[in-house]
Amino acid sequence: DSGVTQTPKHLITATGQRVTLRCSPRSGDLSVYWYQQSLDQGLQFLIQYYNGEERAKGNILERFSAQQFPDLHSELNLSSLELGDSALYFCASSATGWSTEAFFGQGTRLTVV
Amino acid sequence: QQQVKQSPQSLIVQKGGISIINCAYENTAFDYFPWYQQFPGKGPALLIAIRPDVSEKKEGRFTISFNKSAKQFSLHIMDSQPGDSATYFCAASSQYSSASKIIFGSGTRLSIRP
C-alpha cells in the first residue's frame, strides 16, 4: 500500500458527461501529480500541484482541469467526455515539489461509453 | 528533448536468467532516474532509482547501470523469477527544474518463463 488513495476505483459514464476523480496523497506529501495511462500505453503526465499551486503542466486537454485543496487532496475534473478519454488515471504524491520519490495510487479506471 | 526512450517493448526471459531493459534520454538537466514496476490493475511502484553521480546502484537482484556520457541507463534483474513478470517503466526528472514532472518511458512488458 503506497498510502495514496484514489476514488472511485472504477467509473463508467457516457460521452459528453463530466466526472471528478479524487486523490488523497500520502500523509505529509505536498506534491500531487496526475497521469493518464491508456490501454497498453505509457504514463502520460497531465499536471502537477504543489501545496495548492499548479507547478507543472503536461499534455492536459482543455476539457480537463485539476486543483489541490488546502487539505492537500486533489481532484481531476474531466468534462465533455469522449470515447478516447477511456483510460486509467493515476495520482502520485511526493514529499516536496521536486519529484524525487513519487508514490502512486491504485488508479481510477474510467470507461466512457 | 523531454523524451525518455525505452527498449525493448516486450521481453521474455527464462527463470533464473538476466533481464535487461534499456533507456536513453536527451535532456542533460535530468538528475534523477527511477524505475517503476507495475502489475496488471495496480499503480506503478518505485523499484529502484539512481542519480548521475554514481555509475551503478544495486538493491537485491535489481541493478541500475548508468552511463552519463552516453545518456543511457539500464535495469538488470538477476536470477529472474516468475514473480518479476510485470511492466517496467524507466523515468527521469530534474530536481531543480521549475517543471519537475517525471517523464516516463513507454514501458517494457517482462514475462519470466518458469
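Quick caveat: nothing in here was measured; it's all calculated off a predicted structure. (Residues numbered from 1 in each chain as written. Chains lettered and ligands numbered in written order. Predicted model: local features only at pLDDT ≥ 70, side-chain atom pairs only at ≥ 80, totals over all residues. Heavy atoms only, no water.)

Novice: Go over the pairing of strand 11 (residues 108-113) of chain B, please, and point to the residues and values.
Specialist: All names here are of chain B. With burial as the criterion, only one face of strand 11 is covered, namely that bearing Thr108, Leu110 and Ile112; the residues Arg109, Ser111 and Arg113 on the opposite face remain uncovered. Two strands pair when backbone bridges link them, and strand 2 (residues 10-14) and strand 11 are joined in this way by 5 bridges, in the parallel orientation. Paired with Gln14 across the two strands is Arg113, which belongs to strand 11. Note that strand 9 (residues 86-92) and strand 11 share 3 bridges and pair antiparallel. If you follow Thr87 over to strand 11, its bridge partner there is Arg109. (Buried < 20%, exposed > 50% of the residue type's maximum accessible area, 1.4 Å probe, protein only. Helix = DSSP H or I, 4+ residues; strand = E, 2+ residues; numbered from the N terminus. Pairing = 2+ DSSP bridges.)

Novice: Please set out the environment of Arg22(A) residue by residue, giving values where relevant.
Specialist: All names here are of chain A. Positionally, Arg22 belongs in strand 3 (residues 19-24). Owing to a relative accessible area of 34%, Arg22 belongs among the partly exposed residues under this scheme. With 51 residues separating them along the chain, Arg22 and His73 place their C-alpha atoms 7.4 Å apart. Setting aside its immediate chain neighbours within four residues, Arg22 contacts Thr5, Gln6, Thr7, Trp34, His73, Ser74 and Glu75. Of the polar contacts made by the side chain of Arg22, one reaches the side chain of His73; its length is 3.2 Å. (Contact = heavy atoms within 4.5 Å. Polar contact = N/O pair within 3.5 Å; in protein donor to acceptor, adjacent residues only side chain to side chain.)

Novice: How would you explain the layout of surface pockets if you had to name every residue and give the values?
Specialist: A volume near 330 Å³ is recorded for the second largest pocket. Along its surface, the second largest pocket is lined by 20 residues, and Asp1(A), Ser2(A), Phe104(A), Gln106(A) and Gly43(B) are the ones closest to its centre. Only strand 1 (5-7) and strand 10 (103-104) of chain A together with strand 4 (33-38) and strand 5 (45-50) of chain B provide two or more residues apiece to the lining of the second largest pocket. Looking at the lining of the second largest pocket residue by residue, the class counts come to 8 nonpolar, 9 polar and 3 charged. (1 Å grid on protein atoms, 1.4 Å probe; cavity = no way out; pocket = protein on both sides within 12 Å on 5 of 7 lines; lining within 4 Å. Points joined across faces, edges and corners; volume = space filled by probe spheres on them. Nonpolar A, V, L, I, M, F, W, Y, C, P; charged D, E, K, R; others polar.)

Novice: Describe the sheet that holds strand 8 (residues 72-77) of chain B, naming the residues involved and giving the relevant values.
Specialist: Residues and elements named next belong to chain B. If you walk across this open sheet you meet the 5 strands as 1-3-8-7-6, and the pairing is antiparallel. The open sheet has two edge strands, strand 1 (4-7) and strand 6 (56-59), and neither has a second partner. Averaged over all neighbouring strand pairs, the angle between strand axes comes to 15°, with direction disregarded. The pairing of strand 6 with strand 7 (residues 62-67) spans 4 bridges and is classified as antiparallel. Looking at the pairing, Glu59 lines up with Phe62 of strand 7. (Axes fitted to C-alpha atoms, helices over the stretch in contact; angles between N-to-C directions.)

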